[in-house]
Amino acid sequence: MKVLVTGAAGFIGSNIVKLLESKGAKTIIFDNFSHSSYKNLDGTKGDVICADILDAAIYKKLPKVDAIIHEAAITDTTLLDDTKMMMVNFEGFKNVFNYSLKKKIKLVYASSAGVYGNGRSPMSETQEAAPHNTYAYSKYLCDVHSEKVSKVVKTPLVVGVRYFNVYGPNEYHKGSAASMTYQLYLQMKNGKRPRVFKHGEQKRDFIYVKDVARITVEALNLKKNAILNVGTGTAGSFNEIIAALNKSLNKNLKPDYFDNPYADVYQDFTQADIGLLKKLGIAPEFDLRSGIKDYVINYLEKEIQPKADSAKC
Ligand SMILES: NC(=O)c1ccc[n+]([C@@H]2O[C@H](COP(=O)([O-])OP(=O)(O)OC[C@H]3O[C@@H](n4cnc5c(N)ncnc54)[C@H](O)[C@@H]3O)[C@@H](O)[C@H]2O)c1
């Protein structure tokens, strides 16, 4: 099988490429290297296409593939350039979507739990969306577009995967947009007390990138179109992350709590309803503890995390 992965030099995309190649698939690595590191691609074998998903001409030059996994997006939710966010995340998505329609290639694309905003938890795929920033809105539009088109046109398989909070190897290039686990690890590794908003009981559905990559790849085998939550189904607190990091690092650093300046708009609780994932038999394998243990012991502590770096084409 040959799979084109957009955003393949980024955090989740590079984990997907590595998983696909470990299963014997051939990969095409498509990325404009705007928010990534070439070092994420260490050990990968796929042909690299350094290009922008907004570049209409590139679609005439793509090699024949059996499937597309679309991860490319502006992922810094705090970016103030709404035009850029909407262009890349929505118009770029439509370019990839239209290409998959035209060539009849199955497509799995990254959506986000952000579409639920501060909606009720556990968050279910069928509940009303309530995006509360441009990033979340751009992802919501992708889901709406794919569902709308699928109703009037016979599409190849199209699956939207709504990722919750992902952590794991190859996220270092994301800086302040990297996971809470990574940010707290960096502080604790240096012997500093981990700083979190009072009183560390904010809870999120944190999912390990190895599960995310596996579920995304397995979604290519679904029999019909779907929008799927990709979370663990459990909400973990910042305090629990600190406890798991202390254990993996063999430390006992107490949290340093401080007032949350964004308290009135802050998302205090997210939890995925993973009923649909379980029904499809592709549920996650790592819980927060085992995910953090694997991440710290097998990656962060072995220093096989390259330092932040980025190449542009
Ligand atoms: N990390 C999370 O917790 C999370 C949660 C929900 C959804 N997602 C979604 O998952 C996908 C992957 O996110 P990530 O965390 O790996 O982020 P990332 O920023 O590490 O990866 C995004 C990749 O897309 C590339 N890219 C950006 N604009 C491009 C363009 N115009 N053309 C070609 N390539 C472009 C970047 O260079 C980067 O390699 C994104 O669609 C994101 O919205 C991530």
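If you're wondering where the values come from, they're calculated on a predicted model, not measured in any experiment. (Residues numbered from 1 in each chain as written. Predicted model: local features only at pLDDT ≥ 70, side-chain atom pairs only at ≥ 80, totals over all residues. Heavy atoms only, no water.)

*Asks:* How would you sum up the site of the ligand? Please name residues and give values.
*Replies:* Taken together, 29 residues form the shell around the ligand, and within it D31, H35, T75, Y135 and K174 come nearest. Between the ligand and I12, the relevant distance is 2.8 Å, taken from an oxygen atom to a main-chain nitrogen or oxygen of the residue. Broken down by secondary-structure element, the contributors of at least two residues to the shell around the ligand are α1 (11-22), β5 (106-112) and α3 (134-152). At 3 residues, β5 tops the list of elements feeding residues into the shell around the ligand. Its residues placed into classes, the shell around the ligand shows 14 nonpolar, 10 polar and 5 charged. (Near = heavy atom within 4 Å. Polar contact = N/O pair within 3.5 Å; in protein donor to acceptor, adjacent residues only side chain to side chain. Helix = DSSP H or I, 4+ residues; strand = E, 2+ residues; numbered from the N terminus. Nonpolar A, V, L, I, M, F, W, Y, C, P; charged D, E, K, R; others polar.)

*Asks:* Report on the sheet that holds strand β6 (residues 158-163), specifying residues and quantitative values.
*Replies:* With parallel pairing, 7 strands are arranged side by side in an open sheet as β3-β2-β1-β4-β5-β6-β11. Either end of the sheet is taken by a strand with one partner, and the two such strands are β3 (47-50) and β11 (226-230). Adjacent strand axes in the sheet meet at a mean angle of 20° when their direction is disregarded. Bridging between strand β4 (residues 67-70) and β5 involves 4 bridges; their strand directions are parallel. The partner of A67 across the bridge, within β5, is K106. Of the strands in this sheet, β1 (2-6), β4, β5 and β6 are in contact with helix α2 (residues 82-103), which crosses β4 at around 170°. (Pairing = 2+ DSSP bridges. Axes fitted to C-alpha atoms, helices over the stretch in contact; angles between N-to-C directions. Contact = heavy atoms within 4.5 Å.)

*Asks:* Kindly report on the packing of aromatic side chains, identifying the contributing residues and their values.
*Replies:* Counted by the stated rule, this structure contains 11 aromatic pairs. Between Y59 and Y99, the aromatic rings sit 5.7 Å apart at their centres with planes inclined by 50°, giving tilted as the arrangement. Here the residue Y59 occupies a position in the loop between β3 and β4, and Y99 occupies one in helix α2, the gap between them amounting to 40 residues. As far as burial versus exposure is concerned, Y59 and Y99 are alike and both buried. (Phe/Tyr/Trp six-rings, centres within 6.5 Å; stacked < 30°, edge-to-face > 60°. Buried < 20%, exposed > 50% of the residue type's maximum accessible area, 1.4 Å probe, protein only.)

*Asks:* Could you give an account of helix α4 (residues 180-189), naming the residues involved and the relevant values?
*Replies:* For α4, the full list of buried residues reads T181, Y182, L184, Y185 and M188. The buried side chains of α4 occupy one side of the element, clustering within an arc of 165° when seen end-on. For α4, the secondary structure elements touched by its buried residues are β7 (165-167), β8 (195-197), α6 (238-249) and α8 (288-300). Two residues or fewer after α4 comes G191, characterised by a positive phi angle close to 80°. (Arc of directions from axis to C-beta.)

*Asks:* Could you give an account of α6, naming the residues involved and the relevant values?
*Replies:* Helix length check: α6, at 12 residues, gives a terminal C-alpha distance of 16 Å against a target of 16 Å (1.5 Å per residue), a fit within 8%. A large share of α6 lies buried, amounting to 9 of its 12 residues. Along α6, the residues that are buried comprise F238, N239, I241, I242, A244, L245, N246, S248 and L249. Of the residues one or two after α6, N250 is the one with positive phi, at around 55°. (Expected span 1.5 Å × (residues − 1).)

*Asks:* Can you explain the domain arrangement of the chain? Please cite residues and give values.
*Replies:* The assigned domain composition of the chain is domain 1 (2-165 + 207-230) and domain 2 (169-204 + 235-270 + 287-300). Centre-to-centre, using C-alpha coordinates, domain 1 lies 26 Å away from domain 2. Contact residues are listed per partner, giving 21 residues for domain 1 and 16 residues for domain 2. For the pair domain 1 and domain 2, the two sides together bury roughly 1500 Å², of which 50% comes from carbon and sulfur. For domain 1, the biggest contributors to the area lost against domain 2 are F11, H35 and Y208; these three give 34% of the whole. Note that K210 is salt-bridged to D294, the shortest N-O span being 2.8 Å. In this assembly, domain 1 and domain 2 are joined by 8 residue pairs in polar contact (both at pLDDT 80 or more). Sorting the residues of the side of domain 1 that touches domain 2 by element identifies α1 and α5 (209-218) as the ones contributing at least two each. The greatest single-element share of the side of domain 1 that touches domain 2, amounting to 4 residues, is contributed by α1. (Domains from an automatic or database assignment. Buried area = accessible area lost by both parts, 1.4 Å probe. Salt bridge = Lys/Arg side-chain N within 4 Å of Asp/Glu carboxyl O.)

*Asks:* How would you sum up unusual backbone geometry? Please name residues and give values.
*Replies:* The residue after S121, namely P122, is reached through a cis peptide bond having omega -10°. Tracing the sequence through the fold places P122 in the loop between β5 and α3. The peptide bond linking K198 to H199 adopts the cis configuration, its omega dihedral lying at -10°. For H199, the position within the fold is in the loop between β8 and β9 (203-204). Of note in the backbone geometry, K104 takes a positive phi value of approximately 55° without being a glycine. Locating K104 in the fold gives a position in the loop between α2 and β5.

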